Amino acid sequence: MPEPVVIIGAGQAGVQTAFSLRDMDYSGEITLLNGENFLPYQRPPLSKSYLKNSVTDSSLIFRNEQLYESKQIEIMQASTAIKINRQTKSVSLTTGEELPYGKLVIATGARNRILPFDGGELKNVFQLRGLEDAKRLRLELQKKPKIAVIGGGFIGLEFASIAKELGAQVTIVEAASRVMARAVCPTLSDYVQKVHLARGIEILLAQKIVAINSSSDFATDLQMHDGSKLPCELVLVSVGIIPNSELAEAAGLTVSNGIQVDATLHTSDPDIFAIGDCACFPSDFSGRNIRLESVQNAVDQAKTVAENICGTSTEYGSIPWFWSDQSDLKIQIAGLTSNADTTVVSGDPATGKFSVCCFTNNRFVGVESINHPADHMAARRLLAAGRKITVQDISHPGATLKSLAKS
Amino acid sequence: MVKVTYISTDGTETDMDVAEGTSLMQAAVSSGLDGVIGECGGSAMCATCHVYVDASFLEKLPAIDDMEEEMLECTSSDRRPTSRLSCQIESNSDIDGIRVTFPETQV
């Protein structure tokens, strides 16, 4: 009988691991620990369509309850691990139980980073991570409040787009000199920023907030380091995430910007894997250890781990890709592009549909597309095939990513 | 509830009652039907929920928008005149009895 598998965390990575194991005919016991008391669900819509009331809770669910039963995946709701006992190969649960494992998969994800000053506890200061957060924000947005969004990353911009669409007044405060600086190249940051400004979203760049001023448990304004104040009725804090690696660290596993794993996604313990937002892995694609926060990474790492539990020795090497919906901007990124030193625009930004091809040290590292999924798919094919396209290739008159992918 | 019939490449038919407002992709994936993946969760971003729609229902569906049009050019199996992304087809009474066929491959 194959060993029992315990998966800590029922986000995209954890759920995918369980179902991929069954798809690969793994016959051992599978237990999935879900910290929430709701069937595992998709998070990407929470900062997008869900806020507009256009998505029901049930349509966020990955898999029906019956499917967990028929696939014999035991899902433990509202329970999670509090300790990993590597000597006895078991995990201690919040419920007091002790669950033995043969193989353990840590898919604990991440939590929102909090501000380095007080204010997070105020009644009109929100975060956006889980369904409950999104539900509360959805209600608040109906009041069309004056909103301050702290952090101009994907989540902040997605939320701001919807809030503006719903009639709120929105100001984004970003510490860096451009929006989405961690994820995309300056060309794309500038374009997206202009679109948001044109829609009436205010964006303050290179602005540091030093305090949230309040009155009777409600934030009233943000205090800037230059002495100015930004009045607000609702604050969204979206300043990035922190990997949930404490369980692993307490168990003596190597942790450095997340739980360190090798190319086959094993932690420093051969019976324990870590995947998804919480895992830091050697990326062949970027040539260094990285941690990715994306659906693609969670899903593809889950599949690799399932294969390795089934007895292969598969190295993880998928091409990273991710997306963001901001009003009518569909932003798609293939590869890792934020550190590009050379960019070439393909198509005409004036049409609202174009791509930015990115190079680092003359190496093709990825493509950022605006409203151009065909370019995005072509870029993924080029990257997956290891095609070494050059600045000259894409600059050639008439050249498109699609034509290059076909040649 | 709206009746939807999913047909796999080997001809196996699965009838399902789908709640109004749920996409045909979501209904298939959450019930564990092999045939669509829907990796992006329904944002028309990944082209892994491609289906062939029974021709008699084509006109009852919302028109293909620019994004879906581009993604349909990127499907793993051949695009046909009846091709749609199932994440863009919402269940409603107009399409009661719709039949969709899964393509050979999604990736």
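Residues numbered from 1 in each chain as written. Chains lettered and ligands numbered in written order. Predicted model: local features only at pLDDT ≥ 70, side-chain atom pairs only at ≥ 80, totals over all residues. Heavy atoms only, no water.

As recorded in an unreviewed UniProt entry, chain B goes by 2Fe-2S iron-sulfur cluster-binding protein and comes from Sneathiella marina. Quoted verbatim from the Sequence similarities (unreviewed entry) heading of the UniProt record, the comment on chain B is "Belongs to the adrenodoxin/putidaredoxin family." In its Cofactor (unreviewed entry) section, UniProt records this for chain B: "[2Fe-2S] cluster". (UniProt positions renumbered as here; feature names shortened; annotations may be inferred.)

Looking at an unreviewed UniProt entry, chain A carries the name FAD-dependent oxidoreductase, with the source organism given as Sneathiella marina.

(A) Highlighting the overall build of chain A. Along its length, chain A carries 10 helices and 26 strands. What you see for chain A is a C-alpha radius of gyration of 22 Å, in line with the 22 Å of a compact globule of 407 residues. Projecting the C-alpha coordinates of chain A onto the three principal axes gives extents of approximately 65 × 60 × 35 Å. For chain A, the proportion of its 407 residues judged to be buried stands at 56%. Put simply, 59% of the contacts in chain A that link residues at least 6 apart link residues at least 24 apart. If you sum the accessible surface of chain A, you get close to 17,000 Å²; carbon and sulfur atoms cover 50% of it. Averaging the positions of the 39 positive and the 43 negative side-chain charges in chain A gives two centres separated by 5 Å. (Helix = DSSP H or I, 4+ residues; strand = E, 2+ residues; numbered from the N terminus. Rg over C-alpha atoms; globule rule 2.2 N^0.38 Å. Buried < 20%, exposed > 50% of the residue type's maximum accessible area, 1.4 Å probe, protein only. Contact = heavy atoms within 4.5 Å. Areas by Shrake-Rupley, 256 points an atom, 1.4 Å probe, with all protein chains shown as cover. Lys, Arg positive; Asp, Glu negative; His and termini not counted. Charge placed at Lys NZ, Arg CZ, Asp CG, Glu CD.)

(B) Highlighting the overall build of chain B. Helices and strands together make up the secondary structure of chain B, namely two helices and five strands. Shown N-terminal to C-terminal, the secondary structure of chain B runs as helices and strands in the order β-β-α-β-α-β-β. Radius of gyration (C-alpha) of chain B: 12 Å, near the 13 Å computed for a compact globule of 107 residues. If you line up chain B on its principal axes, its C-alpha atoms span 30 × 30 × 25 Å. Within chain B, the proportion of its 107 residues that are buried is 53%. Contacts in chain B between residues far apart in sequence, at least 24 positions, make up 65% of those at least 6 positions apart.

(C) Main features of the interface of chain A and chain B. Across the boundary between the two partners, chain A contributes 30 residues, which contact 17 residues of chain B. Scanning the region where chain A abuts chain B turns up one salt bridge. Glu70 of chain B is the partner of Lys353 of chain A in a salt bridge, and the nearest nitrogen-oxygen pair spans 2.0 Å. Those elements that provide at least two residues to the side of chain A that touches chain B are α7 (295-309), β22 (321-326), β23 (329-335) and α8 (373-384) of chain A. (Salt bridge = Lys/Arg side-chain N within 4 Å of Asp/Glu carboxyl O.)

(D) Spatial organisation of the UniProt feature "domain: Reductase C-terminal" (unreviewed entry) in chain A. Feature annotation in UniProt assigns "domain: Reductase C-terminal" (unreviewed entry) to the following positions: residues 321-405 of chain A. Helix makes up 26% of residues 321-405 of chain A and strand 42%, and the two end C-alpha atoms of the span are 17 Å apart.

(E) Spatial organisation of the nonpolar core. Residue and element names in this part refer to chain A. Among the nonpolar cores identified, the biggest contains 54 residues, and Ile84, Val91, Leu104 and Ile106 are the most heavily contacted of them. Discounting chain neighbours no more than four positions away, the residues touching Ile84 are Ile8, Ser90, Val91, Tyr101, Leu104, Ile106, Leu247, Ala248, Ala251 and Ile272. Tyr41, Leu51, Phe126 and Leu131 belong to the second largest nonpolar core, which has 46 residues in total. (Core = buried A, V, L, I, M, F, W, Y, C linked by side-chain atoms within 4.5 Å.)

(F) Summary view of the sheet that holds strand β6 (residues 98-100) of chain A. Residue and element names in this part refer to chain A. Read from one edge of the open sheet, three strands run β4-β5-β6, paired in antiparallel fashion. Of all strands in the sheet, those with a lone pairing partner are β4 (81-85) and β6, marking the two edges. Across this sheet, the average inter-strand angle for adjacent strands is 25°, counted without regard to direction. In this structure, β4 lies alongside strand β5 (residues 90-93), joined through four bridges in antiparallel fashion. Bridge pairing in β5 links Lys83 to Ser92. (Pairing = 2+ DSSP bridges. Axes fitted to C-alpha atoms, helices over the stretch in contact; angles between N-to-C directions.)

(G) Spotlight on the state of the cysteines. Taken as a whole, this structure holds zero disulfides over all chains when the rule is applied. Just so you know, Cys357 of chain A is unpaired, no disulfide at all, and the nearest cysteine sulfur is the one on Cys358 of chain A, 7.2 Å from it. Accessibility expressed as a relative area gives 0% for Cys357 of chain A, which makes it buried. The thiol of Cys87 of chain B is unpaired, and the distance to the nearest cysteine sulfur, on Cys49 of chain B, comes to 3.8 Å. Residue Cys87 of chain B is classed as buried on the basis of its relative accessible area of 12%. (Disulfide = S-S within 2.5 Å.)

(H) Summary view of the pattern of salt bridges. Residues and elements named next belong to chain A. Per the counting criterion, the structure on display carries 22 salt bridges over all chains. Salt-bridge contacts for Glu165 lead to Lys52; the nearest nitrogen and oxygen are separated by 3.1 Å. In this pair, Glu165 sits in helix α4 (residues 154-165) while Lys52 sits in the loop between β2 (30-33) and α2 (65-70), placing the two residues 113 residues apart along the sequence. Judged by its relative accessible area of 45%, Glu165 falls in the partly exposed class. Given the relative accessible area of 35%, Lys52 is considered partly exposed. In this structure, a network of salt bridges that share partners links the residues Glu3, Lys89, Lys103 and Asp271.

(I) Looking closely at the packing of helix α1 (residues 12-23) of chain A against α7 of chain A. All names here are of chain A. Contact pair α1 / α7: the axes reach a minimum separation of 8 Å and the direction vectors enclose 35°. The element α1 and its partner α7 pack so that their crossing is right-handed. The segment α1 lies against α7, with Gln12, Ala13, Gln16, Thr17, Ser20 and Leu21 engaging Val295, Ala298, Val299, Ala302, Lys303, Val305, Ala306 and Ile309. Here the contact of α1 with α7 is composed, by residue class, of nine nonpolar, four polar and one charged. (Left-handed = near helix turned anticlockwise from the far one by under 90°. Nonpolar A, V, L, I, M, F, W, Y, C, P; charged D, E, K, R; others polar.)

(J) Structural context of the sheet that holds strand β12 (residues 202-204) of chain A. Residues and elements named next belong to chain A. Strand order across the open sheet formed by five strands is β9-β16-β10-β11-β12, with parallel pairing between neighbours. Each having just a single partner strand, β9 (125-126) and β12 make up the two edges of the open sheet. In the sheet, strand β10 (residues 146-150) pairs with strand β11 (residues 169-173) via five bridges, with the strands oriented parallel. Directly across from Ile150, in β11, lies its bridge partner Val173.

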